[in-house]
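Structural overview for review
The chain contents come next:
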Amino acid sequence: MSYSLKKYGKISIVFIALFLMTLIISSTTNTVISNSNENIIETLNGYISHSPILIDSDDDFTAFPGNGSIDDPYIIEGYHISSTSSVTCIAIRWTSKAFIIRNCYLEGSAPAVSLNEVGDNNAIITNNTMLTGGIFIIYSNNHTVTNNTISSGSGEAFFIQYSDNNTISDNIMTDHNDCLRFSNSNYNNITNNTANTNTVGIELSQSSFNLIKDNKCLNNNYRGIRLRTSSNNNTLLNNECVGHDFEGIDISSSHNNTLIGNILDDNNDVGIKLVDSHNNSFINNTLSNQSRGFILETSLRNSMINNSLVNNYYGMEIESSHNTSIIDNEFTDNDYGIRLDLSDDSVLKRNYIYGTVTGIFTIGSSDLLIIENFIQNHNMYGLNMEFNSNNNLIYSNVFYNNIHQSSGHSQARSFGANNYWYNIITSLGNSWSDYGGEEAYAIDGGFYSDLFPSEYPVICPNISNVNHTPLTPTNEDIISVTADITDPSGIEYAKLFYRVNGSSWIEVSMIEEEVSDFNATIGPFNTGETIDYYILAKDKSLIFIIGINDNSSSYYSFTIHEKIETEPTITETEPTITETEPTITETISFPSVITLLTLVFTTLLVVVLKSKNRRS
């Protein structure tokens, strides 16, 4: 028996030595975790699998950490809940306690989270991922929903009903029907959300006094933002609505809304559409590359101020809409700047209209006041007033180089009754770049003349020395576009317009780096792409004037080349030999871990063998 113990004891020593060697070697080896799909799987596996959660009263929260106060809310966190379409993943109703739902992965149900009659200021829903289902909030006020990702559902990503003063911010919503829908909900803050490839981006019905700010509605099937059915007194500020099949923003039967600084681009039909809606204001919006920038139908007392409308077929189309104010807007490269059809009692003042076919076109529109507009470079008429356009007053406008005049026509045409092309009280007419000094300026149509015309001393901003550097850009270059821009009244702003391979024009503000020296940077672009560009500048004169340098309508242009890497230059030099006294350094070398282990193992083996020899 003692012999066996000794035998096994010695064998154990050997195994212990081997085990120690393995541990030490392992401790000296680095473990590498890659940033690949395995991390995603590990993250999903990190959630706690949980059945659907239903909380019907405050007592149902006790399974979760916290005490339900604002300072120590109940926490529902880190769960993976997969449910059927008829069962909500997390449903909370009829409660008064504070709680947070965060960092959960919810899938399979519609909705994924629902709040119903939850006490004010008590709910925060943040940093969750939701597949198929979204968030429903009903009869619940003053809550926060932020930084959630909601995708791939057949219903709404958000549905908020009879709920006020909620904050919905920084959420990403894709592939739903109505992405973010409000019904009978007021004073909500809807900020910095992204709605992409849904049917509708953001929709309000019977919802008023909401703030819709800094949202991105991109490539939704029908429209970006919709206000309907008495959604009044809302503010839409700095939203971006791009690439929709119909309208960027659609407003129907809704009044007293204010839209400021929104970007509407490349929507197939209309940038902003207004139907049966009154007393709305549109200020500093940009509408470009659409069939129609603005369209107003059967709407009263709306105002359009300081908007930019670029490269649309109709910049603004107004149908059966009266008392419209169109002031200080910029219409550039639209086929028709403004069209009024059966629309009366409107004011068109201080607009800059630079286009291709006709500047202002009216049919059956009466009692218009058209003053102080600058109308330039149309192929047909600067202003064409067709039949039944009556009792209109047109004066103090500048008609400049509308080239229909070159075929023996004037720059304007007028039908209808009682139209006046001058102010009968002040004897102030219009300015015509082709006025030859005759007593009156004849208006095409055979009925009217401007009895007090003048040849306005038009001084457009002078845009010269247009250049880009580098002259032959590559796919890695930032391109600088420069120009000298001057005007006696000063330059209010300058803009660079560019397009890639003939696509939509893109606008970039130019910076005045020194007096009259303006610069903008664009790029880099892909190899083989062709970039066209031109420059526009607006002066500070009383009747503001815009100058354009588009290289005589040919545009400035360059093509992007592939960057060619050059071979490095090798320079041979004679080696320099420097004699120095040798330095002797004494070092003490310690054996490596493996060497020590080998020594230990060998020693133990010798002990075992000697013991065996003595026995034999």
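Figured I'd write up the structure that's included with this text. Note that this is a predicted model, so its numbers are computed, not measured.

So, the sheet that holds strand 54 (residues 517–522)
In space, the four strands of this open sheet follow the order 49-50-54-53, with antiparallel pairing throughout. Only two strands of the sheet have a single partner each, and these edge strands are strand 49 (462–469) and strand 53 (511–514). Shown here is a sheet whose adjacent strand axes are inclined to one another by a mean of 30 degrees, direction ignored.

Some words on unusual backbone geometry
Between Thr469 and the following residue, Pro470, the backbone shows a cis peptide bond with an omega angle of -5 degrees. Tracing the chain through its elements places Pro470 in the loop between strand 49 and strand 50 (479–486). Here Gly523 and Pro524 are connected by a cis peptide whose omega angle stands at 0 degrees. As for its position among the elements, Pro524 is in the loop between strand 54 and strand 55 (530–539). The phi angle at Ser396 is positive, at roughly 60 degrees, despite the residue not being glycine. Tracing the backbone shows Ser396 in the loop between strand 43 (393–395) and strand 44 (398–400).

Some points on the state of the cysteines
For the structure shown, the criterion picks out zero disulfides. Cysteine Cys217 shares no disulfide, and the gap to the nearest cysteine sulfur, in Cys241, comes to 4.5 Å. For Cys217, a relative accessible area of 0% puts it in the buried group.

Side note on a nonpolar patch on the surface
On the surface, a cluster of nonpolar side chains totalling about 350 Å² of accessible area is made up of Tyr420, Ile424 and Ile425. As for its position among the elements, Tyr420 is in the loop between strand 45 (412–414) and strand 46 (431–432).

Things to note about the side chain of Asn384
With respect to the element layout, Asn384 can be found in strand 42 (residues 383–385). Look past the residues within four positions of Asn384 in its chain and what remains in contact with it is Thr358, Ile360, Phe361, Thr362 and Arg413.

Concerning the environment of Asp245
Residue position: Asp245 is located in the loop between strand 25 (240–242) and strand 26 (247–252). Through-space distance from the C-alpha of Asp245 to that of Asn268 is 5.0 Å; in sequence the pair is 23 residues apart. In this structure the side chain of Asp245 is engaged in a polar contact, spanning 3.5 Å, whose partner is the side chain of Asn268.

What to know about the environment of Leu340
As for its placement among the helices and strands, Leu340 is situated in strand 37 (residues 330–341). In this structure, Leu340 is in contact with Ile318, Ser346, Leu348, Ile360, Phe361, Thr362, Ile363, Ser365 and Leu368, ignoring residues within four places of it in sequence.

Remarks on the packing of aromatic side chains
Inspection of the entire model under this criterion finds 31 aromatic pairs. Ring geometry for Tyr336 and Phe361: centres 6.1 Å apart, planes at 65 degrees, overall edge-to-face. Taken together, the positions of Tyr336 in strand 37 and Phe361 in strand 39 (residues 352–363) put the pair 25 residues apart, joining distant regions of the chain. This pair shows no difference in class: Tyr336 is buried, exactly as Phe361 is.

Some remarks on the side chain of Ser410
The residue Ser410 is located in the loop between strand 44 and strand 45 in this model. When its relative accessible area of 6% is taken as the criterion, Ser410 is described as buried. Among the polar contacts made by the side chain of Ser410, one reaches the main-chain carbonyl oxygen of Ala412 at a distance of 2.6 Å. Within the structure, the side chain of Ser410 is placed 3.1 Å from the backbone nitrogen of Asp444, a separation counted as a polar contact.

Remarks on the pattern of salt bridges
This structure, assessed with the given rule, holds 20 salt bridges. The closest approach of N and O atoms between Arg93 and Asp56, which form a salt bridge, is 2.4 Å. Of this pair, Arg93 sits in strand 5 (residues 90–95) while Asp56 sits in the loop between strand 2 (53–55) and strand 3 (74–77), and the two are 37 residues apart along the sequence. What makes Arg93 partly exposed here is its relative accessible area of 29%. With a shortest N-O distance of 3.5 Å, Glu492 and Lys538 are connected by a salt bridge. Here Glu492 is found in strand 51 (residues 491–500), whereas its partner Lys538 is found in strand 55, with 46 residues between them in sequence. Residue classification places Glu492 among the partly exposed positions, given a relative accessible area of 45%. For Lys538, a relative accessible area of 9% translates into the label buried. Shared partners join several salt bridges into a network, and the residues in it are Glu203, Arg223, Arg226, Arg228, Glu247, Asp250 and Lys273.

The rules behind the values
Residues numbered from 1 in each chain as written. Predicted model: local features only at pLDDT ≥ 70, side-chain atom pairs only at ≥ 80, totals over all residues. Heavy atoms only, no water. Pairing = 2+ DSSP bridges. Helix = DSSP H or I, 4+ residues; strand = E, 2+ residues; numbered from the N terminus. Axes fitted to C-alpha atoms, helices over the stretch in contact; angles between N-to-C directions. Disulfide = S-S within 2.5 Å. Buried < 20%, exposed > 50% of the residue type's maximum accessible area, 1.4 Å probe, protein only. Patch = residues over 30% accessible without salt bridge, like charges linked within 9 Å, V, L, I, M, F, W, Y side chains within 5 Å. Areas by Shrake-Rupley, 256 points an atom, 1.4 Å probe, with all protein chains shown as cover. Salt bridge = Lys/Arg side-chain N within 4 Å of Asp/Glu carboxyl O. Contact = heavy atoms within 4.5 Å. Polar contact = N/O pair within 3.5 Å; in protein donor to acceptor, adjacent residues only side chain to side chain. Phe/Tyr/Trp six-rings, centres within 6.5 Å; stacked < 30°, edge-to-face > 60°.

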